[in-house]
Each structure stands twice: as structure tokens, then as C-alpha cells.
Amino acid sequence: MTRLTGRALRLTVFVGEHDTWHHKPLYSEIVHRAHAAGLAGASVFRGVEGFGASALIHTSRLLSLSEDLPVAVVIVDDEGRVRAFLPQLDELVTEGLVTLDDCEVIRYTGRKDEQGNPGTKGKRSL
């Protein structure tokens, strides 16, 4: 079970929901690479409205403009792990915004199953 408390670094990657990497969503590729890199976790949040460098407002309120809404991928881990992951983002993110913020983790623990084993929620044995 991964435990993370104290000082940490929050990495946020802002991209469009239709941005792709080898025909799959870019946000999904970022999450899978973060997982493979052993980072503590990653979450994807879909925005309802926003604009970026293009200055074009994307919104879910108007059907004609509801394409390519903003997406934020948020990763929190210790500074060394996050900074070691940054070169992968250089390869993946050609348009978008990447930010780093110092943060403090109050509590981060994984779930346990009925026998007290970590990390089995959502997994089934055949």
C-alpha cells in the first residue's frame, strides 16, 4: 500500500479532451505512463468551460461549441518522482499547459479488502 504524507508536488496537465497520442486520448496516455512510472496516483477532470492559448472558448452549454472541452490531469507525489516524470510530458504534450505546485498531503492511503490486503478493490479472481 502506498502511503504519502507531508510535502509533495502537484503536477497538473491541461489539454483538450480530443487531443490524442497514437489514436488514443492524450489524457489516458498520461495516466497510463504515470501508473507505469510508479507515481502515487493520477486523476482526470473534464472541464465544463474554458479557453487557452487559442483564445477560443470551449463550453458544454452550447451544442456547437461543446467539442474539445478542457481536461486536467492531476498527479501528486514526492518532488523527485514528479520531476523524473516531466521528460515524458515533453514528448506527449505539444499543445497545452503544464503546472507544478508545492502542496501538503494530509492523508493518502490505499483501500484494503475484507482480509486486510491492500489494493484489491475492483479486482476479481477467476
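Because the structure is predicted, anything quoted here is derived from the model rather than measured. (Residues numbered from 1 in each chain as written. Predicted model: local features only at pLDDT ≥ 70, side-chain atom pairs only at ≥ 80, totals over all residues. Heavy atoms only, no water.)

1. Re the pattern of salt bridges
Which entries qualify depends on this criterion: By convention in these notes, a salt bridge is any Lys or Arg side-chain nitrogen within 4 Å of a carboxyl oxygen on Asp or Glu. The helix and strand labels rest on DSSP assignments: H or I over at least four residues marks a helix, E over at least two residues marks a strand, and numbering proceeds from the N terminus. Only protein chains enter the accessibility calculation, which uses a 1.4 Å probe; a residue is then buried when its area is under 20% of its type maximum, exposed when over 50%, and partly exposed in between.
Inspection of the entire model under this criterion finds seven salt bridges. Two residues, Glu29 and Arg33, come together in a salt bridge whose shortest N-O distance is 2.8 Å. One end of the pair, Glu29, and the other, Arg33, are both in helix 1 (residues 26-36), four residues apart, so they sit about a helical turn from each other. Arg33 shares its class with Glu29; the two are buried. Through salt bridges with shared partners, a single network forms among Lys24, Glu29, Arg33 and Glu91.

2. Description of the layout of surface pockets
Formally: Only protein atoms enter the 1 Å grid used here, on which a cavity is any set of points holding a 1.4 Å probe that cannot leave and a pocket is any open set flanked by protein within 12 Å on both sides along at least five of seven lines; residues with an atom within 4 Å of a point are listed as lining. Grid points are joined across faces, edges and corners, and a volume is the space filled by probe spheres set on the points. We call Asp, Glu, Lys and Arg charged. Ala, Val, Leu, Ile, Met, Phe, Trp, Tyr, Cys and Pro are nonpolar, and the rest, Gly among them, are polar.
Taken as a whole, the largest pocket spans an internal volume of roughly 450 Å³. Considering the residues around the largest pocket, the lining is formed by 18 residues, among which Val15, Gly16, Gly52, Ala53 and Gly96 are closest to the centre. Counting only elements with at least two residues in the lining of the largest pocket, the list comes to strand 1 (6-16) and strand 5 (49-50). With three residues, strand 1 is the single largest residue contributor to the lining of the largest pocket. Of the residues assigned to the lining of the largest pocket, the class counts are eight nonpolar, six polar and four charged.

3. Re unusual backbone geometry
Positive phi values are uncommon outside glycine, yet His22 reaches one of about 50°. The topology assignment puts His22 in the loop between strand 2 (20-21) and strand 3 (24-25). Classification of His22 as exposed rests on a relative accessible area of 64%. Despite not being glycine, His23 shows a phi value in the positive range, around 70°. Checked against the element boundaries, His23 lands in the loop between strand 2 and strand 3.

4. A closer look at the pairing of strand 1
For clarity, the cut-off: Note: two strands are recorded as paired if DSSP finds a minimum of 2 bridges between them.
When strand 1 meets strand 8 (residues 97-105), the two strands line up antiparallel, connected through nine bridges. Across the sheet, the residue bridging to Ala8 is Cys103, located in strand 8. With eight bridges joining them, strand 1 and strand 7 (residues 70-77) adopt antiparallel strand pairing. Paired with Gly16 across the two strands is Pro70, which belongs to strand 7.

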